[in-house]
Amino acid sequence: MGGDLLAALSLLTRLPVRRHAAPRPRGIWAYPVVGLLVGGVSGLAFALARSAGVPPVAASLWAVAASMLLTGALHEDGLADTADGLGGGRDRAQKLAIMRDSRIGSFGALALVISVMLRSSALAEIDAATPGSAGAAAALTVAATLGRAAMIVPLATLPAAREDGMAAAISAPPAIALVGGFAVACCASLIFAELRAAVSALCAVALTALAMTAVARRSIGGHTGDVLGATEQASECVVLSVLAALAAG
């Protein structure tokens, strides 16, 4: 288990654990655990900013920035590449070629702007509707955990769109890893959110992951690392939006 967690940390964060085991299918159960860490760090950044008198929107942006710093903006990069590829490619081959290109296009830039704005504005709304900064910090933790759990869905249901790359190395995870990953996500949601909010967030992320999987299947016939990153980002945006709507209601 320790090796799986170190491999997940090495893959999904910038923490200095690169020397440890390479990504492996059985280790995907640990991805939501990494989400717990990332969400906790983001929540701490938000709480510190608010305690220093930083306004909610600015504190939300600092929290998002902390997440990007810890992960090296890995998932944001995947979102941008996926948006460029699916938005600009005419066929499967061209979409995959665009997704592999490190340059960012208009679709990718717009996707990043929308992602950051959705997350920060939702956090600010949650903070305004709940006393103190605990509500927003908990929402960040839930969103980050469920976002990493959402990545498991395309991994488990789609083949790799390419024979090389990170996603190909973790394709076809065993059933025990799937159950473990989803169990971590469910437990974290129930711990850090009220029952109604937890159930709503779980349902929302399930629909988002299935939708992203369907889009990837139709567009490129499988998953890539970029698709996984885009799935994570879309799920975070949806979860935070749902939690903000419930908090405001």
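It should be noted that the structure appears before, not after, this text.
As the structure is a prediction and not an experimental result, all values here were calculated from the model. (Residues numbered from 1 in each chain as written. Predicted model: local features only at pLDDT ≥ 70, side-chain atom pairs only at ≥ 80, totals over all residues. Heavy atoms only, no water.)

### Some remarks on the packing of helix H10 (residues 175–192) against helix H11 (residues 195–220)
Interhelical geometry of H10 versus H11 gives an angle of 145° and a closest axis separation of 8 Å. Of the two elements, H10 crosses H11, and the hand of that crossing is right-handed. Contacts between H10 and H11 involve Ala185, Cys186, Ser189 and Leu190 from the former and Leu195, Ala198 and Leu202 from the latter. Partitioned by chemical class, the residues of the contact of H10 with H11 number six nonpolar, one polar and no charged. (Axes fitted to C-alpha atoms, helices over the stretch in contact; angles between N-to-C directions. Helix = DSSP H or I, 4+ residues; strand = E, 2+ residues; numbered from the N terminus. Left-handed = near helix turned anticlockwise from the far one by under 90°. Contact = heavy atoms within 4.5 Å. Nonpolar A, V, L, I, M, F, W, Y, C, P; charged D, E, K, R; others polar.)

### Looking at the pattern of salt bridges
Within this structure, the stated rule accounts for seven salt bridges. Residue Arg50 is joined to Asp127 by a salt bridge in which the shortest nitrogen-to-oxygen separation is 3.0 Å. Taken together, the residues Arg50 in helix H2 (residues 31–51) and Asp127 in helix H6 (residues 106–129) connect sequence positions 77 residues apart. The exposure class of Asp127 is buried, given its relative accessible area of 6%. Arg119 is paired through a salt bridge with Glu236; the nearest N and O atoms lie 3.9 Å apart. Placement of the pair is Arg119 in helix H6 and Glu236 in helix H12 (residues 225–248), with a sequence separation of 117 residues. For Arg119, a relative accessible area of 2% translates into the label buried. Here the salt bridges share partners, and the residues they tie into one network are Glu76, Arg119, Arg148, Glu232 and Glu236. (Salt bridge = Lys/Arg side-chain N within 4 Å of Asp/Glu carboxyl O. Buried < 20%, exposed > 50% of the residue type's maximum accessible area, 1.4 Å probe, protein only.)

### Some thoughts on the nonpolar core
In summary, soluble globular proteins display a tendency toward joint burial of nonpolar side chains. Membership of the largest hydrophobic core comes to 27 residues, with the highest contact counts inside it found for Ile126, Val142, Leu146, Val239, Leu240 and Leu243. Looking at this core, the elements with two or more residues in it are H2, helix H3 (56–71), H6, helix H7 (134–150), H11 and H12. Per-element tally for this core: the top contributor is H7, with eight residues. Sequence-distant contacts of Leu146, that is, excluding residues within four places in its chain, are made with Ala185, Ser189, Ala201, Leu202, Val205 and Val239. If you look at the next biggest cluster of nonpolar residues, it comprises 20 residues, including Leu12, Tyr31, Leu70 and Ala167. (Core = buried A, V, L, I, M, F, W, Y, C linked by side-chain atoms within 4.5 Å.)

### Describing a nonpolar patch on the surface
Side chains of Leu110, Ile114 and Leu118 sit close together on the surface and give an oily, nonpolar patch of about 270 Å² of accessible area. Its place among the elements puts Leu110 in helix H6. (Patch = residues over 30% accessible without salt bridge, like charges linked within 9 Å, V, L, I, M, F, W, Y side chains within 5 Å. Areas by Shrake-Rupley, 256 points an atom, 1.4 Å probe, with all protein chains shown as cover.)

### Brief notes about unusual backbone geometry
The backbone of Ala73 sits at a positive phi, close to 55°, despite the residue not being glycine. On the accessibility criterion, Ala73 (24% relative accessible area) is partly exposed.

### A word on H3
Counted at 1.5 Å a residue, the expected span for H3 with its 16 residues is 22 Å, and the 23 Å between its end C-alpha atoms agrees. Residues of H3 that are buried include every one of Ala59, Ser60, Ala63, Val64, Ala66, Ser67, Leu70 and Thr71, and no others. Viewed along the axis of H3, the buried residues span an arc of 150°, placing them on a single side of the element. Away from its buried face by more than 90 degrees, H3 exposes Trp62 and Leu69. Residues of H3 that are buried sit in contact with helix H1 (2–12), H2, helix H4 (74–88), H6 and H7. A positive backbone phi angle near 70° is found at Gly72, which sits one or two residues after H3. (Expected span 1.5 Å × (residues − 1). Arc of directions from axis to C-beta.)

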